[in-house]
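Examination of the molecular architecture
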Amino acid sequence: MSTARPLDGRVDEPLLEVDDLRTYFDTPRGVVKAVDGVSLRVDRGKTLGIVGESGSGKTVLSRSIMNLLPKNNTIREGSVRFEGRELTTMKNKEMRTIWGAELAMILQDPMTSLNPVTKIGEQITESLGIHLGEKGKTARAHAVELLKSVGIPAAERRLGEYPHQLSGGMRQRVTIAIALACGPKLLVADEPTTALDVTVQRQILDLLESQQHQRNMGLIIITHDLGVVAGRADEIAVMYAGRIVERAPTKELFARNRHPYTEGLLRSIPRLHQPSHTRLQAIPGRPPELIDPPAGCRFAPRCNYAQDKCLTETPLLAPHAAGHEAACHFPVGTTAGQEALERNLAAGRTAAGTPLDSTLIATAGAA
Amino acid sequence: MSTPVPNLGAPHPGATSELTVSDGLIAETTEVAAAPGKKKRKRGLGLVFWLATSWLVVVLICAVFADLLPVKDPLTPDVINKLAYPGPDHWLGTDGLGRDTLARLVHGARVSVVISVTAVTIGMVVGGFLGIIAGFFRGKTETVLMTIINIILAFPALVLLLVLLAFVGRSLVVISLIVGFLSIPIYTRVARATTLAVAEREFVRASRTMGAKNSRVLAREILPNVVLPVAAFGLVAMGVVIVLEGTLAFLGLSVQQPAPTWGGMIFDGKRYINEAAHVVLIPSIAMFLTVLSLNLVGDALRTRFDVRGSNL
Amino acid sequence: MYVLRRLPSLLATLFAVSLLTFLMTSLLPGDPALQILGAENATPEAIAEVRAELGLDDPLPVRYLAWIGDALTGDFGRSYRTSEPVAEAIIDRLPVTAEVGILAIIIALLVAIPVGMLSAYRAGTRTDKIISSTSFGLLAVPNFMVAIFLILIFSVTLGILPATGWVNFTDDPVQNLRSALLPALSLAIAEMAVYTRLLRTDMIATLQQDFVTMARVKGVSNRRILFRHALRPSSFSLMTVAGVQVGAIIGGSVVIETLFALPGVGRLLLDSVVQRDLLMVQGVALVIAVSYVVVNFTVDILYSYLDPRISHGRSAARV
């Protein structure tokens, strides 16, 4: 079960194709536009990283793709095609044949994503029983094999233990084992390492990567931390306020980011080559309310490049290089962007009225 | 275990907890967003709350002004009209001795109100005080206090009540005092749980860090924040006390006859259940509505002040 | 073993409860000697003699030790009124109370578990609203009112169940059940409402947990999620409260047994309280309190089986 199996479906067909997906919630305070027109594509054996701060709608996006959201008071438009099958219109009953078998998910907090009162073994064998019809000894043996494959020592013994008897990292390994149990074609990992110690984070990411290669599985890693997906994702999509603001192959994104928000995210990562005590640059302000998002570019109130145009016209994703798109009127690293920044520096404030930070002016001027 | 992480099972930003669950989470229904935008929840307490409050006000007025209200004498029998149905002479009919039900209800309200208000006040003041002390000072004080409280609570309340009543007597005052005394432990628990929660909040910590004296923190920060939740609980407890009075009347241990009490009326009416069910029904409805109103109001306020039952 | 670890605290509580019972009945006004003799025979000499005989002049600790020592050997003394041994009187009546009480809890749980789960599963829908408001309303109906209406419906109007009386199980099991049904129902209604509301709240919280999402993503059916994944973690407070509510049932049995004329412990307590039969009151109160403590201890133990986190020595992470 370690080698890549021949795939069903046409090879050129993407594994997952999300097209203009919108997900709104009807709440007493108004309609929350949590996901507002997102398009994505994941190929077999490839990794897509979705990066955004909390409140950017990335978690809702993952639930929406998985078709996990409650049906009432949720408005969903657009399409999600998984191997050509449309998921958005599927009933739960149909989804249950796909969930676990072809489409799997792991969640942020391994403390809460395992049932506290059920033994590990039972939690793993459950989906084996549902999708593969395995029972009793066969299922147990398979479960042991799975636990071993995710690097859990003394796998036999673990089957009889409860989640609280394991450490956080071990628990996340167990959830990965559960997710991988039936050999899914796509795994959605929602903040898989956020709740873990830094040392354990790396192990878990390595585990995900190796399993992905062995199984030729598509992988979506959702995170708020660009560092998590830096060396691992084939492509990265940056999400802000319910929309994708920039999308590019990983190397391209790190080398030539175009969106000011991406630039801000990159600047807030500590670098080894920087002298110690270098001030990290935070992006000022908070993401906008998704109930009544501002007109124009949603990032404009926090953006150093913001011009009048940004306050009225919503920028669309526009190509910059092969596979590289960004939604910005004055992209970073272009003449238009540089001019916009200089204008704002001269004025001491952006068109949205945000004063420019002096330290930022220094670095920006140096850049 | 409350982490600020978005609850992944129900990612509805901005929705109240009540509404977050309104999706049935794993409900099978495929109806998409029934009438989006139409649900406009009012921030107010709602019609039911005000209806309940009005009823309680009516009961209170009856209790206070029973003698002044234009009702018949609750003790004078109308011998010709025994077990009369509601009509122009007796708006709510008469009981087995021909006494006017409306008059007896109005006067009976006095017993219910006196007992419940006295008992709840005693329990709230004494129990509340002990609870705040336990929750604020922690340590040995708390351990000792809560051990005693838990032992008293290990006794079924009605058993304690019966024993005390039988040996101490049963005037209106005695009953109120005993019930009040017996309810102290539960208020202690409520007040302690609330105090623990309040003491953890930032403004209290801040106040302490800035060097405020214990007495000041207690009076200025803790007390105001504990009083309202405990009072909301007290409203619900009032309903319990009213039922308790009814129970005592049933057991022949409440205020002595012929003074009208609601419990006594239900107990008397039970005899005529075959021929005239309204005699038992009408006081039952009065008691039910009162207890229900207390529960409704108490519950609404409790939700407002966010006291969690699970902390008890 | 978890049971062994909890044992000292059980013994301490039992001791405290017995002490409380003793003090309560001993410190209250009223001279038992006077009661035994009756007003006309109560010469000072006779009173002194009886008091000496009963050991009433000994200091309290001595009296307590004597009383609890006898109680431990099953000797609660004799009724001042009827000279019936207290222990026998209690043993005669205990099965009635126990049967009605247990039946009430079973009925309440049988209704509350499915209804509470349905309410949580359909949270926010009309079904849920109907269930929630009905149970809220039922909370405001005292058990004696329920009893009266049950009698009105099933005995007076339909005439299918007896309004009063008791038939022993050994005499006629069917009639026994018929005589226990209305009393048990009267006690069960309020419990039902309490359990339903509790389970609904906890279940709603559980259904929002990540592990439920995980189960869905595994492709588990809704029914299985509800019963196999969510019910057990949702039933912790239900269990605890069910234990605590045994107190309410015991209290309620005093009323219900009086109303339905059942020969149970509740009625025995009431009668002896009214007659100021001190030793009988002491005995009954002790038995009731001890049963209550033991029931809650048992619930505590069962709880540790439901929630493996407890028996493994960690405090439960309660939601």
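Refer to the structure presented above.
Residues numbered from 1 in each chain as written. Chains lettered and ligands numbered in written order. Predicted model: local features only at pLDDT ≥ 70, side-chain atom pairs only at ≥ 80, totals over all residues. Heavy atoms only, no water.

A word on the overall build of chain A
Along its length, chain A carries 13 helices and twelve strands. In terms of overall dimensions, chain A is globule-like: its C-alpha atoms have a radius of gyration of 22 Å, near the 21 Å expected for 367 residues. The principal-axis extent of the C-alpha atoms belonging to chain A is close to 75 × 50 × 40 Å. A buried classification covers 57% of the 367 residues belonging to chain A. Across chain A, contacts joining residues at least 24 apart in sequence account for 64% of those joining residues at least 6 apart. Summing over all exposed atoms, chain A offers an accessible surface of approximately 15,200 Å²; the carbon and sulfur share of this is 52%. One way to put it: in chain A the 44 positive side-chain charges average out to a point 4 Å from where the 41 negative ones average out. (Helix = DSSP H or I, 4+ residues; strand = E, 2+ residues; numbered from the N terminus. Rg over C-alpha atoms; globule rule 2.2 N^0.38 Å. Buried < 20%, exposed > 50% of the residue type's maximum accessible area, 1.4 Å probe, protein only. Contact = heavy atoms within 4.5 Å. Areas by Shrake-Rupley, 256 points an atom, 1.4 Å probe, with all protein chains shown as cover. Lys, Arg positive; Asp, Glu negative; His and termini not counted. Charge placed at Lys NZ, Arg CZ, Asp CG, Glu CD.)

Points about the packing of helix H4 (residues 139–153) of chain B against helix H7 (residues 184–200) of chain B
Residue and element names in this part refer to chain B. Contact geometry for H4 and H7: axes closest at 9 Å, N-to-C directions at 140°. Our classification of the angle between H4 and H7 gives oblique. Regarding H4 and H7, the two cross each other, and that crossing is left-handed. For the pair H4 and H7, contact is made by Glu 142, Met 146, Ile 149, Asn 150, Ile 152 and Leu 153 and by Pro 185, Thr 188, Arg 189, Arg 192 and Leu 196, respectively. Its residues assigned to classes, the contact of H4 with H7 shows six nonpolar, two polar and three charged. (Axes fitted to C-alpha atoms, helices over the stretch in contact; angles between N-to-C directions. Parallel < 35°, antiparallel > 145°, perpendicular 65-115°, else oblique. Left-handed = near helix turned anticlockwise from the far one by under 90°. Nonpolar A, V, L, I, M, F, W, Y, C, P; charged D, E, K, R; others polar.)

Section: the packing of aromatic side chains
Using the criterion set out here, one finds 13 aromatic pairs over all chains in the structure. Look at Phe22(C) and Tyr64(C): their rings are 5.4 Å apart centre to centre, the planes differ by 65°, and that puts the pair in the edge-to-face class. Highlighted residues: Phe22(C) in helix H1 (residues 2–27) and Tyr64(C) in helix H4 (residues 60–72), separated in sequence by 42 residues. There is no split in this pair, since Phe22(C) and Tyr64(C) are both buried. An aromatic cluster is present here, built from Phe15(C), Phe22(C), Tyr64(C) and Trp67(C) joined pairwise through their rings. Seen from the ring of Tyr24(A), Lys33(A) lies directly overhead, with NZ or CZ sitting 5.5 Å from the centre. (Phe/Tyr/Trp six-rings, centres within 6.5 Å; stacked < 30°, edge-to-face > 60°. Lys NZ or Arg CZ within 6 Å of the ring centre and 35° of its normal.)

Observations concerning the environment of Lys93(A)
Residue and element names in this part refer to chain A. For Lys 93, the location among the structural elements is in helix H2 (residues 92–98). What makes Lys 93 exposed here is its relative accessible area of 65%. A sequence separation of 124 residues divides Lys 93 from Met 217, and the C-alpha atoms of the two residues are 24 Å apart.

Considering the pattern of salt bridges
Per the counting criterion, the structure on display carries 34 salt bridges over all chains. For Asp190(A), the salt bridge identified is with Arg63(A), shortest N-O distance 3.2 Å. In this pair, Asp190(A) sits in strand E7 (residues 186–190) while Arg63(A) sits in helix H1 (residues 58–66), placing the two residues 127 residues apart along the sequence. Each member of the pair, Asp190(A) together with Arg63(A), is buried. Its salt-bridge partner being Arg200(C), residue Asp128(C) comes within 2.7 Å of it at the nearest N-O pair. (Salt bridge = Lys/Arg side-chain N within 4 Å of Asp/Glu carboxyl O.)

Structural notes on the pairing of E7(A)
Residue and element names in this part refer to chain A. When you tally the buried positions in E7, you get five out of five residues, the bulk of the element. Residues of E7 alternate between two faces, with Leu 186, Val 188 and Asp 190 on one and Leu 187 and Ala 189 on the opposite face, all of them buried. Here strand E6 (residues 103–106) runs beside E7; their pairing, made up of four bridges, is parallel. For Leu 103, the partnering residue across the bridge sits in E7 and is Leu 186. Bridge count for E7 against strand E8 (residues 218–223) is five bridges, and the pairing is parallel. Residue pairing in the sheet places Leu 187 in a bridge with Leu 219 of E8. (Pairing = 2+ DSSP bridges.)

As for helix H3 (residues 101–137) of chain B
Residues and elements named next belong to chain B. When the terminal C-alpha atoms of H3 are compared, their 52 Å separation across 37 residues agrees well with the 54 Å that a helix rising 1.5 Å per residue should span. Here H3 starts with a cap whose side-chain oxygen sits 3.3 Å from the backbone nitrogen of Leu 102, and that cap is Asp 100. With its phi angle positive at about 50°, Arg 138 sits one or two positions after the end of H3. (Expected span 1.5 Å × (residues − 1). Polar contact = N/O pair within 3.5 Å; in protein donor to acceptor, adjacent residues only side chain to side chain.)

Here we look at the pairing of strand E1 (residues 16–27) of chain A
All names here are of chain A. Inspection of the sheet shows E1 paired to strand E2 (residues 30–42) by ten bridges, in the antiparallel sense. Each bridged residue has a counterpart across the sheet, and for Glu 17 the counterpart in E2 is Arg 41. Counted along the chain from E1 to the antiparallel partner E2, the turn is two residues long. Relative to strand E4 (residues 74–82), E1 runs antiparallel, the two sharing eight bridges.

So, the sheet that holds strand E11 (residues 318–321) of chain A
Residues and elements named next belong to chain A. Strand order in the open sheet formed by eight strands is E6-E7-E8-E3-E9-E10-E12-E11, with mixed pairing between adjacent strands. Of all strands in the sheet, those bounded by a partner on one side alone are E6 and E11. Within this sheet the neighbouring strands show an average axis-to-axis angle of 20°, counted without direction. With respect to the sheet, helix H10 (residues 260–267) is in contact with strand E3 (47–51), strand E9 (235–240) and strand E10 (243–249), its orientation differing from that of E9 by roughly 105°.

Considerations on the interface of chain B and chain C
Each partner contributes residues to the interface: chain B has 51 residues there, and chain C has 57 residues. Where chain B packs against chain C, one counts zero residue pairs in polar contact (both at pLDDT 80 or more). Secondary-structure elements contributing two or more residues to the side of chain B that touches chain C are helix H1 (17–20), H4, helix H5 (157–168), helix H9 (214–250) and helix H11 (278–305) of chain B. Ranked by residues supplied to the side of chain B that touches chain C, first place goes to H11(B) with ten residues. The residue makeup of the side of chain B that touches chain C, split by class, is 36 nonpolar, ten polar and five charged.

Points about the sheet that holds E2(A)
Residue and element names in this part refer to chain A. On the basis of which strands lie adjacent, the open sheet formed by four strands has the order E2-E1-E4-E5 and antiparallel pairing. A single partner strand is all that each edge strand has here, and the edge strands are E2 and strand E5 (85–86). Packed on one face of the sheet, H1 meets E1, E2 and E4 and runs near 115° to E1.

Here we look at the side chain of Thr262(A)
Residues and elements named next belong to chain A. Within the secondary structure layout, Thr 262 lies in helix H10. A residue is classified by how much of its surface remains accessible, and Thr 262, at 0% relative accessible area, is buried. In terms of polar contacts, Thr 262 uses its side chain to reach the side chain of Glu 246, at 2.7 Å. Setting aside its immediate chain neighbours within four residues, Thr 262 contacts Val 238, Glu 246, Leu 253 and Asn 257.

Worth remembering: the numbers are spatial, not functional.
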